[in-house]
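Coordinate inspection notes
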Amino acid sequence: MAPRRLTGATDTYAGYRARLVETLRARGIRDLAVLKAFAETPRHLFVPPAVRHRAYEDTALPIGNGQTISQPFTQARYLEALRLKGRERVLEIGTGSGYQTALLGALASTVFSVERVEALAIAAQRALREAGIANVSVLLGDGTLGWSAYAPYDAILVAAGGPEVPPPLVEQLAPDGRLLIPLGEHGAQTLTLVERVGQGPSHAVRRTPLGAARFVPLLGEHGFDA
Ligand code: SAH
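The numbering scheme is per chain: residues are counted from 1 as the chain's sequence reads. Residue-level local features of this predicted model are given only where pLDDT is at least 70; pairs of side-chain atoms are given and counted only at 80 or more, and the full residue set underlies all totals for whole chains, interfaces and linings. No hydrogens and no water enter the side-chain calculation; it runs on all heavy atoms of the structure.

1. Remarks on the overall build of the protein chain
Helix and strand counts for the protein chain come out as six helices and nine strands. Values of the radius of gyration come from C-alpha atoms, whereas the globule rule sets the reference at 2.2 Å times the count of residues to the power 0.38. For 226 residues, the compact-globule estimate of 2.2 N^0.38 gives 17 Å, and the protein chain sits close to it at 16 Å. Along the first, second and third principal axes, the C-alpha atoms of the protein chain reach 55 × 35 × 30 Å. Considering only contacts within the protein chain whose residues lie at least 6 apart along the sequence, 55% involve residues at least 24 apart. In these tables, accessible area is a Shrake-Rupley quantity obtained with a 1.4 Å probe, and a residue counts as shielded only by the protein chains included in the view. Accessible surface computed for the protein chain: about 10,600 Å², of which carbon and sulfur atoms make up 52%. Lys and Arg are tallied as positive, Asp and Glu as negative. Neither His nor the chain termini are counted. Each charge is placed at NZ for Lys, CZ for Arg, CG for Asp and CD for Glu. The positive charge centre, built from 24 side chains, and the negative charge centre, built from 21, are 7 Å apart in the protein chain. Secondary structure counts use DSSP, requiring at least four H or I residues in a row for a helix and at least two E residues in a row for a strand, with both numbered from the N terminus. Only heavy atoms matter for contacts: two residues are in contact if any of them lie within 4.5 Å across the pair.

Here's what the structure looks like:
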């Protein structure tokens, strides 16, 4: 786990952060590693100054460019479903603010994250640096194509809702890897777990619906038209 620069008098948000963790626990989040990641990750560094006073509310917030930082409870459930143990190489599609990227950095060994909006990718990179998180890399590009240079990935998390599972992501998933993606129409999706079962080109893919979700659209070659 990457060292965090969070200790001491500079961390004026520690109390709010502890309360957010209690809210997540009360709402049913049980995975201790996930709760610890929320306890360690400074969400206030990932939201615009105008909404910083609300950074530790369990709610989605605007981050500019028409995008939102997701609700912490939704992210916590999502992260629980990935069942990370700490040694994984993870691919994230849709860096957004970089907050979820930071949480993944606390839960896995290495994180590669792809964002298509340049302003968001730059702001996320800056916030990740400010938070002292060193095991994550951000790429500007179309995430529906994955990031083949570092494949295969033990887990892939898509933070935007698409019409189908982008084939490159399945190809870049390790045997027995887990891929989470919201699938469906604009604004109303089903969070879907896609597992690659077994080795080789004849591998099977198993899909399990995990419940209703509402994410911003996944745009790109294997997503909706930009
Ligand atoms: N989890 C993020 C929020 C993600 S919002 C957070 O914690 O802040 C979804 C993001 O997906 C947006 O930033 C959007 O620009 C991005 N996105 C949509 N389609 C994409 C694509 N094809 N490749 C990369 N990023 C994409």
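2. Notes on the pairing of strand β5 (residues 136-140)
One ladder, built from five bridges, connects strand β4 (residues 110-115) with β5; its direction is parallel. Residue pairing in the sheet places F112 in a bridge with S137 of β5. Clockwise travel from the first strand over the helix to the second, with the strands pointing away from the viewer, marks a crossover as right-handed. Crossover handedness for the path β4 to helix α5 (residues 118-130) to β5: right-handed. The criterion for strand pairing is that DSSP finds at least two bridges linking the strands in question.

3. Topic: the nonpolar core
Definition used in this section: a nonpolar core is a set of buried Ala, Val, Leu, Ile, Met, Phe, Trp, Tyr and Cys residues joined via side-chain atoms within 4.5 Å. Only protein chains enter the accessibility calculation, which uses a 1.4 Å probe; a residue whose area is less than 20% of its type maximum is buried, one above 50% is exposed, and one in between is partly exposed. By size, the foremost hydrophobic cluster in this structure holds 50 residues, and its most contacted members are L24, F38, F46, L79, L84 and L104. Apart from the residues lying within four places of it in its own chain, the contact partners of L104 are L79, L82, L84, V90, E92, V111 and L157. One finds I93, Y153, I181 and L183 within the second-largest nonpolar core, a separate group that totals 18 residues.

4. Some thoughts on the packing of helix α2 (residues 32-40) against helix α4 (residues 99-107)
Here the axes come from fitting lines to C-alpha atoms, over the contacting stretch only for helices, and the angles between their N-to-C directions go from 0 to 180 degrees. Viewed as axis vectors pointing N to C, α2 and α4 meet at an angle of 125°, and their least axial separation amounts to 9 Å. Compared by their axis directions, α2 and α4 come out oblique. Relative to α4, α2 is oriented so that their crossing is right-handed. Contacts from A33, V34, A37, F38 and E40 in α2 reach Y99, L103, A106 and L107 in α4. Every angle not falling under 35 degrees, over 145, or within 65 to 115 is termed oblique; those three ranges are roughly parallel, roughly antiparallel and roughly perpendicular. The handedness criterion is simple: a crossing whose near helix is rotated anticlockwise from the far helix by less than a right angle is left-handed, and one whose near helix is rotated clockwise is right-handed.

5. Quick notes on the site of the ligand
Inspection of the region around the ligand gives 27 residues, with Q75, S97, E115, G143 and L219 positioned closest. Throughout this description, a polar contact denotes any pair of N or O atoms lying within 3.5 Å of each other; where both atoms belong to protein, one of them has to be capable of donating a hydrogen while the other can accept it, and for residues adjacent in sequence the pair is counted only when both atoms sit in side chains. Within the backbone of Q100, a nitrogen or oxygen atom sits 3.4 Å from an oxygen atom of the ligand. Here D142 contributes a side-chain N or O atom positioned 3.0 Å from a nitrogen atom of the ligand. Here the ligand has 580 Å² of accessible area as a free molecule, and 99% of this is covered by the chains. When contributions to the shell around the ligand are tallied by element, the ones reaching two or more residues are β2 (67-69), α4 and β4. Working definition: residue near molecule or strand if any one of its non-hydrogen atoms lies within 4 Å of it.

6. Thoughts on the pattern of salt bridges
Two side chains that carry opposite charge are able to pair once their charged atoms sit near each other. For this analysis, a salt bridge means a side-chain nitrogen from Lys or Arg found within 4 Å of a carboxyl oxygen belonging to Asp or Glu. The final tally for this structure, using the stated rule, is six salt bridges. In this structure, E22 engages R25 in a salt bridge whose closest nitrogen and oxygen atoms are separated by 3.4 Å. Residue E22 and its partner R25 are both found in helix α1 (residues 14-26); the two are separated by three residues, about one turn of the helix. Note on R25: relative accessible area 35%, which makes it partly exposed. The partner of E195 in a salt bridge is R206, and the shortest N-O contact between them spans 3.4 Å. Residue E195 is found in strand β8 (residues 188-197), and its partner R206 is found in strand β9 (residues 204-213); the two are separated by 11 residues along the sequence.

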